[in-house]
Amino acid sequence: MIMSKIGSVAAKLAAVASGSFLISKTAFAASSSVLKADDFVGISFWIISMALIASTVFFFLERDRVSAKWKTSLTVSGLVTLVAAVHYFYMRDVWVTTGSTPTVFRYIDWLITVPLLMIEFYLILSAIAKVPAGVFWRLMVGTLVMLVGGYLGEARYIGVWPGFIIGMIGWLFILYEIFAGQAGKINAQSAPPSVQSAFNTMRWIVTIGWAIYPLGYFFGYLTGSGPESSANALNIIYNAADVLNKIAFGLIIWTVAVSESESSLKK
Ligand SMILES: *C/C=C(C)/C=C/C=C(C)/C=C/C1=C(C)CCCC1(C)C
């Protein structure tokens, strides 16, 4: 009786041990698929991962330099790059070990970071005017439609064209709100010149900078240039777009925050 208990415990231990041996062997196998010198998409995942960490530290530390009403904006910028950095580690692994497009991680990242960028917009406006909550919710609805459409298309729950079109509708709705809708009007009426110019720059980021994403989708899925070169194009374009829209966007806000804080010190 006791012997058979001991026997079964021993068997279980052996199974666990061999299991962990298998795991460590796979871990070893995974770590042996290292970055290749000609894998430029993989290299871009690595470089951007590092740039995102550095930006995060930078935005958080620079909070000290700016006046109170700008601190939250810098925090949000740092959160955007932090969340993206973690997703880039995972995306980089998927790409380097399998050579395939990390769609799920990409969209989880966007689902968190794009609303944070929308909050950033709202904060900039709120720093100088009373902004109705409806502005914020409309920007959120546009964001959700855009991302859900894109995901359904890329993950092939629906056709790639319908996904593209739904995504475009969401994005156009956001553009309408920040150019012609209430958000645009508030900025035109009540902002000091430096904030107006920051708001304008942000508008152009959401127009030109964000337009890079549908281009990525287009070259990734809608040109029929073969799965492998499409995957390269898709990921390199999305990665470049993230540098502009997460890091450069944060730096614009940082520039305004620093100059506004310093000019209010002089007063
Ligand atoms: C930090 C990540 C950002 C700012 C991601 C932005 C993503 C977009 C603007 C995506 C837009 C898309 C369309 C406008 C249509 C096709 C599908 C998408 C989702 C790629």
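Check the entry above for the structure.
Residue positions within a chain follow its written sequence, with the count starting from 1. For this predicted model, a pLDDT threshold of at least 70 governs which residues receive local features, and a threshold of 80 or more governs which side-chain atom pairs are given and counted, while totals over whole chains, interfaces and linings are taken from all residues. Calculation of side-chain values draws on the structure's entire complement of heavy atoms; hydrogens and water are dropped beforehand.

S.K.: Help me understand the site of the ligand, please; the structure alone is not making it clear to me.
M.R.: Every one of the 19 residues lining the ligand counts as a neighbour, but Trp-110, Val-114, Met-146, Tyr-213 and Lys-246 are closest to it. Only the protein chains shown count as cover for residues, with accessible areas throughout obtained via the Shrake-Rupley method and a probe of 1.4 Å. When the free accessible area of the ligand is taken as 520 Å², the share hidden by the protein chains comes to 100%. Only DSSP runs of H or I reaching four residues or more are called helices, and only runs of E reaching two or more are called strands; each is numbered from the N terminus. Going through the elements one at a time, helix 4 (103-126), helix 5 (133-154), helix 6 (160-179), helix 8 (193-222) and helix 9 (227-266) are the ones with two or more residues in the shell around the ligand. Under the scheme applied here, ten amino acids are nonpolar (Ala, Val, Leu, Ile, Met, Phe, Trp, Tyr, Cys and Pro), four are charged (Asp, Glu, Lys and Arg), and all others, including Gly, are polar. When grouped by side-chain class, the residues that make up the shell around the ligand number 13 nonpolar, 4 polar and 2 charged. Any residue with at least one heavy atom within 4 Å of a molecule or strand is counted as near it.

S.K.: What am I meant to see in the packing of helix 3 (residues 68-98) against helix 4 here?
M.R.: Each packed pair of helices is defined by two parameters, the angle between the axes and the distance between the axes. For the pair helix 3 and helix 4, the least separation of the axes is 10 Å and the interaxial angle reads 170 degrees. In this view, helix 3 runs roughly antiparallel relative to helix 4, as classed from their interaxial angle. For the contact of helix 3 with helix 4, a count of residues per class yields 17 nonpolar, 5 polar and 3 charged. Geometry is summarised by axes, namely lines fitted to C-alpha atoms with helices restricted to the contacting stretch, and by angles between N-to-C directions that run from 0 to 180 degrees. The labels follow the angle: roughly parallel below 35 degrees, roughly antiparallel above 145, roughly perpendicular from 65 to 115, and oblique for the rest.

S.K.: Would you mind showing me how to read unusual backbone geometry here?
M.R.: Backbone phi values are negative for most residues with the exception of glycine, while trans is the configuration of most peptide bonds. The phi torsion at Arg-156 lies on the positive side, around 65 degrees, for a residue other than glycine. Of note, Arg-156 is situated in the loop between helix 5 and helix 6. Exposure remark for Arg-156: the relative accessible area of 54% places this residue in the exposed category. Burial classes: relative accessible area under 20% of the type maximum marks a residue as buried, over 50% as exposed, and values in between as partly exposed (1.4 Å probe, protein chains only).

S.K.: Just to check I follow, could you spell out a nonpolar patch on the surface for this structure?
M.R.: Like charges within 9 Å and nonpolar side chains (Val, Leu, Ile, Met, Phe, Trp, Tyr) within 5 Å are joined into patches, using only residues over 30% in relative accessible area that form no salt bridge. Any Lys or Arg side-chain nitrogen located within 4 Å of an Asp or Glu carboxyl oxygen qualifies as a salt bridge. The grouping of Leu-35, Trp-46, Met-50, Ile-53, Val-57 and Leu-61 at the surface amounts to a nonpolar patch, some 520 Å² of accessible area in total. Along the chain, Trp-46 turns up in helix 2 (residues 40-62). We classify Trp-46 as partly exposed; its relative accessible area is 35%.

S.K.: Just to check I follow, could you spell out the packing of helix 4 against helix 5 for this structure?
M.R.: For the pair helix 4 and helix 5, interaxial distance at closest approach is 10 Å and the crossing angle is 165 degrees. Comparing the axis directions of helix 4 and helix 5 gives the class roughly antiparallel. Crossing handedness for the pair helix 4 and helix 5: right-handed. Contacts between helix 4 and helix 5 pair Thr-103, Val-104, Tyr-107, Trp-110, Leu-111, Val-114, Pro-115, Met-118, Ile-119 and Tyr-122 from the former with Ala-133, Phe-136, Leu-139, Met-140, Thr-143, Leu-144, Met-146, Leu-147, Gly-150, Tyr-151 and Glu-154 from the latter. Each crossing gets its handedness from the near helix: less than a right angle anticlockwise from the far helix is left-handed, clockwise is right-handed. In this analysis, two residues are considered to be in contact whenever any of their non-hydrogen atoms come within 4.5 Å of each other.

S.K.: Can you walk me through the packing of aromatic side chains in this structure?
M.R.: Geometrically, a pair of aromatic rings is defined through the distance of the ring centres and the angle of the planes. Two aromatic rings from Phe, Tyr or Trp, using only the six-membered ring of Trp, form a pair when their centres are within 6.5 Å; if the ring planes differ by under 30 degrees the pair is stacked, by over 60 it is edge-to-face, and anything between is tilted. Scanning all chains against the criterion turns up 19 aromatic pairs. With centroids separated by 6.3 Å and ring planes inclined at 45 degrees, the aromatic side chains of Phe-121 and Phe-249 adopt a geometry described as tilted. With Phe-121 in helix 4 and Phe-249 in helix 9, this residue pair connects regions lying 128 residues apart in the sequence. Like Phe-249, Phe-121 is buried. Ring geometry for Phe-179 against Trp-204: centres 5.5 Å apart, planes inclined by 65 degrees, an arrangement best described as edge-to-face. One end of the pair, Phe-179, is in helix 6; the other, Trp-204, is in helix 8, with 25 residues separating them in the sequence. You can call Phe-179 partly exposed: its relative accessible area is 36%. Among the aromatic residues, those joined into a ring-pair cluster are Tyr-107, Trp-110, Tyr-151, Tyr-157, Tyr-213 and Tyr-238.

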